[in-house]
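Reading the structure
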Amino acid sequence: MKAMVVYSSRTGNTKKVANGIFAGIPGESKDIQSLEEYDGKDADIFFAGFWTDKGTCDMSVVDFLSELHGKKVALFGTCGMGKDSEYMERIGKHVKVWIPEDCTYLGFYMCQGKMPMDVRRRYETMEKNGVEPEKVKMLLANFDEALLHPDDRDVQNAAAFAKRMMEKAESL
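Since the structure is predicted, the reported quantities are computational estimates derived from the model, not experimental observations. (Residues numbered from 1 in each chain as written. Predicted model: local features only at pLDDT ≥ 70, side-chain atom pairs only at ≥ 80, totals over all residues. Heavy atoms only, no water.)

**A short note on the overall build of the protein chain**
A tally of helices and strands in the protein chain yields six helices and six strands. Starting at the N terminus, the α and β elements of the protein chain follow one another as β-α-β-β-β-α-β-α-β-α-α-α. What you see for the protein chain is a C-alpha radius of gyration of 17 Å, in line with the 16 Å of a compact globule of 172 residues. Expressed along its principal axes, the backbone C-alpha trace of the protein chain runs to roughly 55 × 30 × 30 Å. (Helix = DSSP H or I, 4+ residues; strand = E, 2+ residues; numbered from the N terminus. Rg over C-alpha atoms; globule rule 2.2 N^0.38 Å.)

**Quick look at the nonpolar core**
Counting residues in hydrophobic clusters, the biggest one holds 23 residues, and the most contacted among them are Phe50, Phe64, Leu65 and Leu75. For this core, the elements supplying multiple residues, two or more each, are β1 (3-7), β3 (45-53), α2 (59-67), β5 (72-79), α3 (85-96) and β6 (104-112). A per-element tally of this core places α2 first, with four residues. Once you skip the residues sitting within four places of it in the chain, Phe64 turns out to touch Val6, Leu35, Tyr38, Phe46 and Ala48. Counting 20 residues, the second-largest nonpolar core is a separate cluster that includes Ala3, Ile45, Phe47 and Met166. (Core = buried A, V, L, I, M, F, W, Y, C linked by side-chain atoms within 4.5 Å. Buried < 20%, exposed > 50% of the residue type's maximum accessible area, 1.4 Å probe, protein only. Contact = heavy atoms within 4.5 Å.)

**Digging into the UniProt feature "domain: Flavodoxin-like" (unreviewed entry) in the protein chain**
Under the UniProt annotation, "domain: Flavodoxin-like" (unreviewed entry) lies at residues 5-162. Secondary structure over residues 5-162 splits into 43% helix and 23% strand, and the C-alpha atoms at its two ends are 10 Å apart. (UniProt positions renumbered as here; feature names shortened; annotations may be inferred.)

**Notes on the pattern of salt bridges**
As enumerated under the stated definition, the model contains six salt bridges in all. Here Asp31 and Lys41 are joined by a salt bridge, their closest N and O atoms 2.6 Å apart. In this pair, Asp31 is assigned in strand β2 (residues 30-34) and Lys41 in the loop between β2 and β3, connecting sequence segments 10 residues apart. The buried category is assigned to Asp31, whose relative accessible area is 16%. A relative accessible area of 33% places Lys41 in the partly exposed class. Here Glu124 makes a salt bridge to Arg120, at a shortest N to O gap of 2.5 Å. (Salt bridge = Lys/Arg side-chain N within 4 Å of Asp/Glu carboxyl O.)

What follows is the structure, given as structure tokens:
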């Protein structure tokens, strides 16, 4: 079964996870490309990766997913709000809707990723704008934790996810 890893990465987080996904796919019948480089190579299973933009994927991923037909699809992504598993699940659901009905959805992997410094600066000014100090403290702590991700464990988990998705795809 031929596998293709295609991803959009704004800060390098999703690229790092994409490399873990690629490493976790057994065999030689696989390829990896960023969406900017993607040249239309066909595969039986697509691993589509994205960074989170306001609770969903960016438009380049929407366009890519919408064009897939009759394929097996697994999603993966990165998100700054790594401690919030419910938020990550919502992101997966928001992105999944772009997969055409004639595709087979296999699953979803998400991990925390570092955010740009302008996000931290925005958090630092929130208290002055009336946001509760405890919420600001929580956002800043999450930002600081996100600076360490994706880490080796996140990448290993992505590789294990890819292996499971390949096994699942082969059993269908």
